[in-house]
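What follows is each chain in one-letter form.
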Amino acid sequence: MQIDDTKKLRAYRGHIVSPQRGGELKDFRDGILIVDENGVIVFVGEWSEFEKQNKPLKDIQHFGDRLILPGLIDMHLHLPQVAVTGKSGEHLLKWLERFVFPSEARCADPDYALRISNWFFDELARNGTTLGVVFATIHKQATDIAFEVAAQKGARAIIGKVMMNANSPPALTEKLEDSLNGSAELCDKWHGYDDGRLMYAFTPRFAVSSTSELMSKCGELWHSKPGSYLHTHLAESQEEIDFVMERFPKCRSYADVYHQHGLLARNNIMAHSIHLDEDDVKVLKSTDSSLAHCPSSNFFLKSGIFPYRKIESSGIRFGIGSDVAAGPQMSLFCVMKDANYIQPDNWISPVELLYRATLGGAQALGLDHRIGSLEAGKEADFIIVDPSNRTGIIDDILSQPTEEILSALVFLGDDRVVESTFVRGKEIYSRQKTPQLSHSV
Ligand code: GUN
Ligand code: ZN
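Please read these numbers as outputs of a predicted model, since none were measured by experiment.

Chemist: Tell me about the pattern of salt bridges, residues and numbers included.
Modeler: Applying the stated criterion to the full structure yields 34 salt bridges. Its salt-bridge partner being Arg 266, residue Asp 288 comes within 2.9 Å of it at the nearest N-O pair. Here Asp 288 is found in the loop between helix H10 (278–286) and strand E12 (290–293), whereas its partner Arg 266 is found in the loop between helix H9 (254–260) and strand E11 (268–272), with 22 residues between them in sequence. A relative accessible area of 27% places Asp 288 in the partly exposed class. The network of salt bridges with shared partners includes Arg 156, Asp 194, Asp 195, Arg 197, Arg 370, Glu 379, Asp 381 and Arg 424.

Okay, here's the thing in structure tokens:
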């Protein structure tokens, strides 16, 4: 293929690995990734093939045998909760009350909201996450600040103002009208910003903290805003489910609560979705719903085990999420490892896990025509990975077969292996240029 060298192009040479549909990998040991001035990939392939057919390129960054991977997609995490990672010892409902709600209430203060948003998006880039699907808090201003910070930092994100109008502490209880109007205004302001780099998700927290009216009106609002998302939690813990069934006795199950309120449809994200029966799986599939599997969180809160193979064979689209702070680490390498460890009887291979953290997530979000893998025509969201920054990984790992490199990354990787992060061709994080990040709010 001949490249049009009249355009301003940047090229990245290294070991390119990118998952494809059907479990295959694109694997170019000495590969070249060429990106145009709009951040769109114009070529991916072997360097030797490219060199034979094209004039020399001026602007090439050489990464040697380091990896160039698609950026990681975190399908579910909470921005304000970066301040309460690692606080364990309770199941979901008690943990929310004790640690999470007090810290979220602090986002009423816009200065705090700005500090925590800066911290959050720095962390996201540092972990190699190029798309985060993010719960903010109930505060409209804090959510607006989160969008503003993401816009400035070049992050890609789907963000939503949390909606809560029942069974919540007074500081986190909204009036129905405020919840709906605030969400609609933020969606109008931000959904589609910078050609879709930022998008909006209507975000009723869960059925526990939503009235029936909030859920049905939220559903109507969501359906009236083309391309927007609906993001919530589903069937995470048994205690939560018991409470939901007490509140909505006419519904057959937790999934049915959302179904009855118009929240099951394409472009939703149902975080967790652990405790599902056959009919729930059928309805999630027939409504084209998407799931975010959050294994680290499920370990941390002892919530249960996601029925991975059952969901996979049903054909429901799903990706993985860190669920910070119930997931204690933002690194999706750690989450991939936990997705394997938490299954008592299934082996989920490193190749498959990388697919879930990239292309699988993009498919679940209906964005696989734009991101999720390194292919000509897609936007250049990618990370440079160097395992040598992480002790415990054997020195010559990068000269080993690709599947073994991926295995080392999945079982030993974390934020330290990420050398730099690019969204739409723009470097938003470089380990070398960012020696120390402040972690105080
Ligand atoms: N369900 C409702 N809110 C939350 C939350 O903040 N974290 C988790 N893990 N589950 C929830
Ligand atoms: Zn969550």
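Chemist: So what's going on with the site of ligand 1? Which residues, and what values?
Modeler: In the neighbourhood of ligand 1, the contacting residues comprise His 78, Gln 81, Leu 92, Trp 95, Leu 96, Arg 205, Phe 206, His 233, Glu 236, His 272, Asp 323 and Ala 326. The side chain of Arg 205 places a nitrogen or oxygen atom 2.7 Å from an oxygen atom of ligand 1. Asp 323 is positioned with one of its side-chain polar atoms (N or O) 2.7 Å from a nitrogen atom of ligand 1. Look at ligand 1: alone it shows 270 Å² of surface, and the protein chains cover 100% of it. The cavity where ligand 1 resides is the largest cavity.

Chemist: How would you sum up the coordination of the zinc ion (ligand 2)? Please name residues and give values.
Modeler: Only His 76 (NE2), His 78 (NE2), His 233 (NE2) and Asp 323 (OD) from the protein reach the zinc ion (ligand 2) as donors, at distances of 2.0 to 2.2 Å. Classification of the site at the zinc ion (ligand 2) as irregular follows from its four donor atoms and the range of 88 to 167° in their angles at the metal. All donors to the zinc ion (ligand 2) come from one chain, and their sequence spacing reads H-x1-H-x154-H-x89-D. A relative accessible area of 3% means that His 78 is categorised as buried.

Chemist: Please set out the domain arrangement of the protein chain residue by residue, giving values where relevant.
Modeler: The accessible area lost on association of the parts is a frequent measure of interface size. Per the domain assignment, the segments of the protein chain are domain 1 (9–70 + 372–430) and domain 2 (72–330). If you average the C-alpha positions of domain 1 and of domain 2, the two centres end up 31 Å apart. Taken together, the contact pairs 15 residues of domain 1 with 15 residues of domain 2. For the pair domain 1 and domain 2, the summed buried surface comes to about 1,300 Å²; carbon and sulfur atoms form 51% of the total. Scanning the region where domain 1 abuts domain 2 turns up four salt bridges. Its salt-bridge partner being Arg 424, residue Asp 194 comes within 3.5 Å of it at the nearest N-O pair. Counting the contacts that link domain 1 with domain 2 gives six residue pairs in polar contact (both at pLDDT 80 or more).

Chemist: Describe in detail unusual backbone geometry, supporting the description with residues and values.
Modeler: The linkage connecting Val 324 with the following residue, Ala 325, adopts the cis geometry, with an omega of 15°. Structurally, Ala 325 can be placed in the loop between strand E13 (317–320) and helix H13 (332–341). Of note in this structure, Asn 267 is not a glycine but carries a positive phi near 80°. Summarising the element assignment, Asn 267 is placed in the loop between H9 and E11. We note that Asp 323 has phi near 50°; this positive angle belongs to a residue other than glycine. Note that Asp 323 resides in the loop between E13 and H13.

Chemist: Describe the sheet that holds strand E15 (residues 418–423), listing the residues and the values that go with them.
Modeler: As summarised here, the arrangement of the seven strands in space is E3-E2-E1-E4-E14-E15-E16, forming an open sheet in which the pairing is mixed. One side of each edge strand has no neighbouring strand; the edge strands of this open sheet are strand E3 (41–46) and strand E16 (426–430). Across the sheet, the mean angle separating the axes of adjacent strands is 35° when strand polarity is ignored. Here five bridges tie strand E1 (residues 10–19) to strand E4 (residues 60–70), and the two strands are oriented parallel to one another. Pairing of Arg 13 across the sheet is with His 62, part of E4.

Chemist: Explain the side chain of Glu 104 to me, using residue names and the numbers behind them.
Modeler: Here Glu 104 shows up in helix H2 (residues 92–105). The class for Glu 104 is buried, based on a relative accessible area of 1%. Engagement of the side chain of Glu 104 in a polar contact is seen with the side chain of Arg 205, the distance being 2.8 Å. With residues near it in sequence (within four places) discarded, Glu 104 still touches His 78, Pro 80, Gln 81, Thr 137, His 139, Leu 172 and Arg 205.

Chemist: Pulling in residues and values, what's your account of empty space enclosed by the protein?
Modeler: In total, this model carries four cavities of 30 Å³ or more according to the counting rule given. By volume, the largest cavity is sized at about 90 Å³. Residue lining of the largest cavity: 13 residues in total, with His 78, Leu 92, Leu 96, His 233 and Glu 236 positioned closest to the centre. It is H2 that provides the largest number of residues to the lining of the largest cavity, a total of three residues. The class makeup of the residues in the lining of the largest cavity is six nonpolar, four polar and three charged.

Chemist: Any chance you could break down the packing of aromatic side chains for me, citing the residues and the numbers?
Modeler: Taken as a whole and judged by the stated rule, the model has 16 aromatic pairs. For the pair Tyr 12 and Phe 63, a centre-to-centre distance of 6.5 Å together with 10° between the ring planes defines the contact as stacked. Pair noted here: Tyr 12 is in strand E1 and Phe 63 is in strand E4, with a separation of 51 residues, a long-range link. Take Tyr 12 and Phe 63: they sit in the same class, and that class is buried.

Cut-off values and rules
Residues numbered from 1 in each chain as written. Chains lettered and ligands numbered in written order. Predicted model: local features only at pLDDT ≥ 70, side-chain atom pairs only at ≥ 80, totals over all residues. Heavy atoms only, no water. Salt bridge = Lys/Arg side-chain N within 4 Å of Asp/Glu carboxyl O. Helix = DSSP H or I, 4+ residues; strand = E, 2+ residues; numbered from the N terminus. Buried < 20%, exposed > 50% of the residue type's maximum accessible area, 1.4 Å probe, protein only. Near = heavy atom within 4 Å. Polar contact = N/O pair within 3.5 Å; in protein donor to acceptor, adjacent residues only side chain to side chain. Areas by Shrake-Rupley, 256 points an atom, 1.4 Å probe, with all protein chains shown as cover. 1 Å grid on protein atoms, 1.4 Å probe; cavity = no way out; pocket = protein on both sides within 12 Å on 5 of 7 lines; lining within 4 Å. Sits in = over half its atoms within 2 Å of the grid points. Donors = N, O, S within 2.8 Å, 3.2 Å for Na, K, Ca; no water. Tetrahedral: all angles 85-135°; square planar, octahedral: opposite > 155°, others 65-115°. Domains from an automatic or database assignment. Contact = heavy atoms within 4.5 Å. Buried area = accessible area lost by both parts, 1.4 Å probe. Pairing = 2+ DSSP bridges. Axes fitted to C-alpha atoms, helices over the stretch in contact; angles between N-to-C directions. Points joined across faces, edges and corners; volume = space filled by probe spheres on them. Nonpolar A, V, L, I, M, F, W, Y, C, P; charged D, E, K, R; others polar. Phe/Tyr/Trp six-rings, centres within 6.5 Å; stacked < 30°, edge-to-face > 60°.

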